[in-house]
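# Results of the structural survey
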Amino acid sequence: MRSVPLLLVALIVPVVAPAQDWKTLTVIEDGFRSNYPGDPTVQNVSYETEFRLSLPGHLYRAADALGRYSTTVVDYRDVERLHNERSAKCRAAEGANQQDGDTCQNDFVMEVAGAMDHAIARYLMREGVKVTQYGTYFLDLVSGRQAQITNPDRSRTYVAVHQHGGRLYIQEATVPAGMPEPLLFLQSLAWINAEGKAIRYRTLYTEGYADWRFPQPAAPPHTLRDLDTSYEQPPKPPPRSR
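The rules we used
Residues numbered from 1 in each chain as written. Predicted model: local features only at pLDDT ≥ 70, side-chain atom pairs only at ≥ 80, totals over all residues. Heavy atoms only, no water. Disulfide = S-S within 2.5 Å. Helix = DSSP H or I, 4+ residues; strand = E, 2+ residues; numbered from the N terminus. Buried < 20%, exposed > 50% of the residue type's maximum accessible area, 1.4 Å probe, protein only. Pairing = 2+ DSSP bridges. Axes fitted to C-alpha atoms, helices over the stretch in contact; angles between N-to-C directions. Contact = heavy atoms within 4.5 Å.

### Topic: the state of the cysteines
Considering all chains together, one arrives at 1 disulfide under this definition. Note on cysteine connectivity: Cys90 is disulfide-linked to Cys104, with sulfurs 2.1 Å apart. What sets the handedness of the Cys90 and Cys104 disulfide is the S-S torsion sign, and at about -65° it is left-handed. Note that Cys90 is positioned in helix α2 (residues 79–92) and Cys104 in the loop between α2 and α3 (108–113), a separation of 14 residues in sequence. Using a relative accessible area of 18% as the deciding quantity, one classes Cys90 as buried. What makes Cys104 buried here is its relative accessible area of 14%.

Spelled out as structure tokens, the structure:
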């Protein structure tokens, strides 16, 4: 048997391209941090709610050879005012002669309470997809919805939706068929305060129910963590009024 020249062996060894470095992005303005492959692009977006309000938001998007990743942050903090104005305008115009009790109703509470379901429904209703997992979910005890979907081209989409601090968060990743779940992205989402510290609640955090308002009169019990050092500390007490 003839021996294969060493040079030829070297030539036929496949060259593997190095994976793109992942980075942690912290966005105090939008109250979150997350991992992305490289620096994500940031785009201003307009988001249509269930009750046809147009709300401002930001779309953070990145991709590598293994998938596409995005975080959409929608600002719901002004929806109470917008619904109050819409309802008042309807009453001033004597909508339907005020014969119908629902004509000028204020949908603020339902808007906020149903925001996560409205967002996740857009994925569940896509044509040709197969939903393989859907259910309630929480991250650092912030309640949410989670779905896993197989697309018509056999790629897989993973999406988690949350509400926190008057904002709606949509964390989405799509990977080719046969690739593992993109946990480096999905599990990196964290809620942060104005100092960049991560917030973890001690009880389940939800928005839009009972007498919920933004801003909340008092923050629910929670701890703060520096995720870069894994140091946990109690929240600072509010400054004393003089």
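Once the structure has been displayed, the description carries forward.
### A look at the sheet that holds strand β8 (residues 156–164)
Spatially, 7 strands are ordered β3-β4-β5-β9-β8-β7-β6 in an open sheet, and the strand pairing comes out antiparallel. Edge positions in the sheet fall to β3 (41–48) and β6 (130–139), since each has one partner strand and no second. Averaged over neighbouring strand pairs, the angle between their axes works out to 20° when direction is ignored. Here 8 bridges tie β3 to strand β4 (residues 54–64), and the two strands are oriented antiparallel to one another. Across the sheet, Gln43 pairs through a bridge with Leu59, a residue of β4. The strands that helix α4 (residues 115–124) touches are β3, β6, β7 (142–150), β8 and β9 (167–175); relative to β7, the one it contacts most, it runs at about 5°.

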